[in-house]
Amino acid sequence: EKVSPSDLTVLITGETGTGKELIARGIHNASTRRSRPFVVLDCGSIPRDLIESTLFGHEKGSFTGAVGQHRGCFEQASGGTIFLDEIGELDINLQPKLLRVLEQREIKRVGGDKTIKVDVRVLAATNRDLRAEVNAGHFREDLYFRLSVVHVEMPPLRERREDVASLVQHFLREVASRRGLTLSFGQDSMAALISHSWPGNVRELRNVVERAAALADGPVITRA
């Protein structure tokens, strides 16, 4: 609530499945940019030779296969928010260019010489310990500090078991509404869900709730 109205860069950290993208979307939706694009880029899923073009765009003929001009994620997010997921996977050779964009708010497309101003709010997330990555020489320290203006750490579900019951009810309502049913968990099943360690965090919990609801033979789920 405090950070969303600003344009501060936010780094969201936490284990896989803790809901980092949901936090990013929540920040965007509570900001003055809510009516503008929210562009997501998974830095770990783009081939190394395409990541620069994906981020910054390219001009026609700038490399083999560049049959036309392409607007990168930063241009696509103009006026809105760009969410750089798995930022810890970004190739270290590209990190200086990202740092320049964060500091200058301007880009150059691959193969182009024109500087393009971009008005975007930057959010980033990672399941890595970026401080350790900096110490190991795998992540630039200046980029780390530029990204972590505000640092939000998402605790794993095993450290916030008090949230399990409300999350279960939320996911169950979603499933029940799709099926047109009223469903609930029995006391023993709920106790088992709360006591589980949830190595896959909230994502795993959601999968379990959906599976249990799909296999339920009555309105009360007795086995999770």
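How each quantity is defined
- Residues numbered from 1 in each chain as written.
- Predicted model: local features only at pLDDT ≥ 70, side-chain atom pairs only at ≥ 80, totals over all residues.
- Heavy atoms only, no water.
- Salt bridge = Lys/Arg side-chain N within 4 Å of Asp/Glu carboxyl O.
- Helix = DSSP H or I, 4+ residues; strand = E, 2+ residues; numbered from the N terminus.
- Buried < 20%, exposed > 50% of the residue type's maximum accessible area, 1.4 Å probe, protein only.
- Axes fitted to C-alpha atoms, helices over the stretch in contact; angles between N-to-C directions.
- Parallel < 35°, antiparallel > 145°, perpendicular 65-115°, else oblique.
- Left-handed = near helix turned anticlockwise from the far one by under 90°.
- Contact = heavy atoms within 4.5 Å.
- Phe/Tyr/Trp six-rings, centres within 6.5 Å; stacked < 30°, edge-to-face > 60°.
- Polar contact = N/O pair within 3.5 Å; in protein donor to acceptor, adjacent residues only side chain to side chain.

1. Describing the pattern of salt bridges
Then, in step 1: Scanning the entire structure with this criterion turns up 18 salt bridges.
Then, in step 2: The partner of R131 in a salt bridge is E141, and the shortest N-O contact between them spans 3.0 Å. Of the two residues, R131 sits in helix α5 (residues 130-135) while E141 sits in helix α6 (residues 141-147), which places them 10 residues apart along the sequence.
Then, in step 3: For R131, a relative accessible area of 28% gives the class partly exposed.

2. Re the packing of helix α7 (residues 164-179) against helix α9 (residues 201-215)
Then, in step 1: Contact geometry for α7 and α9: axes closest at 9 Å, N-to-C directions at 45°. Relative to α9, the element α7 lies oblique. Considering how the two elements wind past one another, α7 and α9 form a crossing that is right-handed. Of α9, the residues touching α7 (which contributes V164, L167, V168, F171, L172, E174, V175, R178 and R179) are V202, L205, R206, V209, E210, A213 and A214.

3. Describing the packing of aromatic side chains
Then, in step 1: All chains considered together, the criterion is met by 3 aromatic pairs.
Then, in step 2: When the ring of F38 is compared with that of F83, the centres are 6.2 Å apart and the planes differ by 15°; the resulting orientation is stacked. Taken together, the residues span a long stretch of sequence, with F38 in strand β2 (residues 38-42) and F83 in strand β3 (residues 81-85) at a distance of 45 residues.
Then, in step 3: With a relative accessible area of 0%, F83 lands in the buried category.

4. Here's the deal with the side chain of R33
Then, in step 1: Along the chain, R33 falls in the loop between α1 (20-29) and β2.
Then, in step 2: For R33, the side chain forms a polar contact with the side chain of D119, separated by 2.7 Å.
Then, in step 3: Filtering out sequence-adjacent residues up to four positions away, R33 remains in contact with D7, H28, G79, G80, T81, D119, V120 and R121.

So yeah, pure geometry; function would need other evidence.
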